[in-house]
Amino acid sequence: MRARLIAVLLFPFIAFRADAEPGAIDAARQDYMLHCQGCHQPDGAGAEGRVPNLKDSVGNFLRVPGGREYLIRVPGVANSTLGDEQLAGLMNWLLLNFSREQLPQDFVPYSAAEVRRLRSQGLVDVAPLRRDLLEEIADLARNRAGSAAP
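Bear in mind the structure is a predicted one, so any value in this text is a computation, not a measurement.

## Description of the overall build of the protein chain
From N to C terminus, the protein chain includes 8 helices and 0 strands. Overall, the protein chain shows an N-to-C arrangement of helices and strands of α-α-α-α-α-α-α-α. Within the protein chain, the proportion of its 150 residues that are buried is 35%. Contacts spanning at least 24 positions in sequence make up 64% of the contacts within the protein chain whose residues lie at least 6 apart. Only carbon and sulfur atoms are counted for the fraction: they give 55% of the accessible area of the protein chain, which is about 9600 Å².

## So, the nonpolar core
Of all hydrophobic cores here, the largest spans 31 residues; its most connected members are Tyr32, Phe61, Leu62, Tyr70, Leu71, Leu95 and Tyr110. Secondary-structure elements contributing two or more residues to this core are α2 (27–35), α4 (67–73), α6 (84–98), α7 (112–119) and α8 (126–148). If you tally residues by element for this core, the top one is α6, at 8 residues.

## As for α6
In a regular helix each residue adds 1.5 Å, so 15 residues correspond to 21 Å; α6 covers 21 Å between its end C-alpha atoms and thus fits that length. Listed as buried for α6 are Asp84, Leu87, Ala88, Leu90, Met91, Asn92, Trp93, Leu94, Leu95 and Phe98. Taken together, the buried residues of α6 touch α2, α4, α5 (75–78) and α7.

## Section: the packing of α2 against α6
For any two helices packed against each other, one specifies the inter-axial angle together with the distance between the axes. Across the interface, α2 lies against α6 with an axial gap of 8 Å and an inter-helix angle of 90°. In terms of orientation, α2 lies roughly perpendicular with respect to α6. Here Ala28, Arg29, Asp31 and Tyr32 of α2 come into contact with α6, specifically with Gln86, Gly89, Leu90, Trp93, Leu94 and Phe98. A breakdown of the residues in the contact of α2 with α6 according to their chemical character gives 6 nonpolar, 2 polar and 2 charged.

## Re the state of the cysteines
In this structure the tally under the stated criterion is 0 disulfides. Free cysteine cysteine 36: the closest other cysteine sulfur is in cysteine 39, separated by 8.8 Å.

Calculation rules
- Position labels on residues start from 1 in each chain and follow its written sequence.
- Only residues with pLDDT of at least 70 are given local features in this predicted model, and only at 80 or more are side-chain atom pairs given and counted; all residues enter the totals for whole chains, interfaces and linings.
- Values reported for side chains reflect all heavy atoms of the structure, with hydrogen atoms and water molecules removed beforehand.
- The numbering of helices and of strands both runs from the N terminus, where a helix is a DSSP run of H or I of at least 4 residues and a strand a run of E of at least 2.
- Per-residue accessibility, obtained with a 1.4 Å probe over protein chains only, is compared with the maximum for each type, and a residue is labelled buried under 20%, exposed over 50%, and partly exposed between these values.
- Between two residues, a contact is recorded if the distance between any of their heavy atoms is within 4.5 Å.
- Using a 1.4 Å probe, accessible areas were evaluated by the Shrake-Rupley method; residue-level cover was limited to the displayed protein chains.
- We call a set of buried residues a nonpolar core when its members are Ala, Val, Leu, Ile, Met, Phe, Trp, Tyr or Cys and they connect through side-chain atoms within 4.5 Å of each other.
- Expected helix span is taken as 1.5 Å per residue step, with the number of steps being one fewer than the number of residues.
- The axes are straight lines fitted to the C-alpha atoms, using for helices just the contacting stretch, and the angles between their N-to-C directions are given from 0 to 180°.
- Every angle not falling under 35 degrees, over 145, or within 65 to 115 is termed oblique; those three ranges are roughly parallel, roughly antiparallel and roughly perpendicular.
- In this classification, Asp, Glu, Lys and Arg are treated as charged, Ala, Val, Leu, Ile, Met, Phe, Trp, Tyr, Cys and Pro as nonpolar, and every other residue, Gly included, as polar.
- In plain terms, two cysteine sulfur atoms within 2.5 Å form what is called a disulfide here.

Structure follows, in structure tokens:
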């Protein structure tokens, strides 16, 4: 039973690697698969009410003050075992692959130095800050919709 459980858990990674050409797998995508997709799902959809959805939404955090910092300071990111450079690459890959349309036009990719600085300021009580940022994102969307009305 235990061997079967291990095989089921490892299958997506093994299957993905088995048909890939050498060097064809992007390191950031591998890092996502190994460190994030277990909770956030392969497509970034998360689990409603338990794990935040990244798909078509995470880029919005970079549109509001404090959102860029928040994405690196959340415990799952700040406490990651990945090095600063790997984590910067992963976050840039995640933003560009799951939320490219929501990124601000002046999007600047995370650097290793920025990740190092921000992750050292990890968050303890995430929920209130997340709620405030989501309210700011919603206000921004309402204001854009209102200015687009005839």
